[in-house]
Amino acid sequence: MTNRVVQGRMVTAERLAELIEGDPPMEADDIEDADRQCPDCEGDVIAVSYMPSVTELITGYKCQECDWSATDR
């Protein structure tokens, strides 16, 4: 499991999914580079796939520098 720095704090994949979703996920995969830049601040964006429920698998995106986040919903 990889940890990354997001807005100055080290986060796990589960914590990153929680920052994106607002609630803790059931399960989360490793954090990956998203190969894109934040539309708000031009910062680096990372991605995590997670399950907020038994029937959903979502990829969430979060800027490492600001509050911007999005999902593939």
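The model shown is predicted, which means the values in this text are computed figures rather than measured ones.

The rules behind the values
- Residues numbered from 1 in each chain as written.
- Predicted model: local features only at pLDDT ≥ 70, side-chain atom pairs only at ≥ 80, totals over all residues.
- Heavy atoms only, no water.
- Helix = DSSP H or I, 4+ residues; strand = E, 2+ residues; numbered from the N terminus.
- Rg over C-alpha atoms; globule rule 2.2 N^0.38 Å.
- Buried < 20%, exposed > 50% of the residue type's maximum accessible area, 1.4 Å probe, protein only.
- Contact = heavy atoms within 4.5 Å.
- Areas by Shrake-Rupley, 256 points an atom, 1.4 Å probe, with all protein chains shown as cover.
- Lys, Arg positive; Asp, Glu negative; His and termini not counted.
- Charge placed at Lys NZ, Arg CZ, Asp CG, Glu CD.

Topic: the overall build of the protein chain
Right, so step 1: Scanning the protein chain from N- to C-terminus turns up one helix and seven strands.
Right, so step 2: Whereas a compact globule of 73 residues would reach a radius of gyration of roughly 11 Å, the protein chain reaches 11 Å, a difference of no more than 12%.
Right, so step 3: For the C-alpha atoms alone, the extent of the protein chain along its principal axes is close to 35 × 25 × 20 Å.
Right, so step 4: The buried share among the 73 residues of the protein chain stands at 36%.
Right, so step 5: Sequence separation of at least 24 residues holds for 37% of the intrachain contacts in the protein chain that already meet a minimum separation of 6.
Right, so step 6: Just so you have it, the protein chain exposes about 4500 Å², and 41% of that area is on carbon and sulfur atoms.
Right, so step 7: Here the protein chain contributes 6 positive and 17 negative side-chain charges, whose respective centroids are spaced 5 Å apart.

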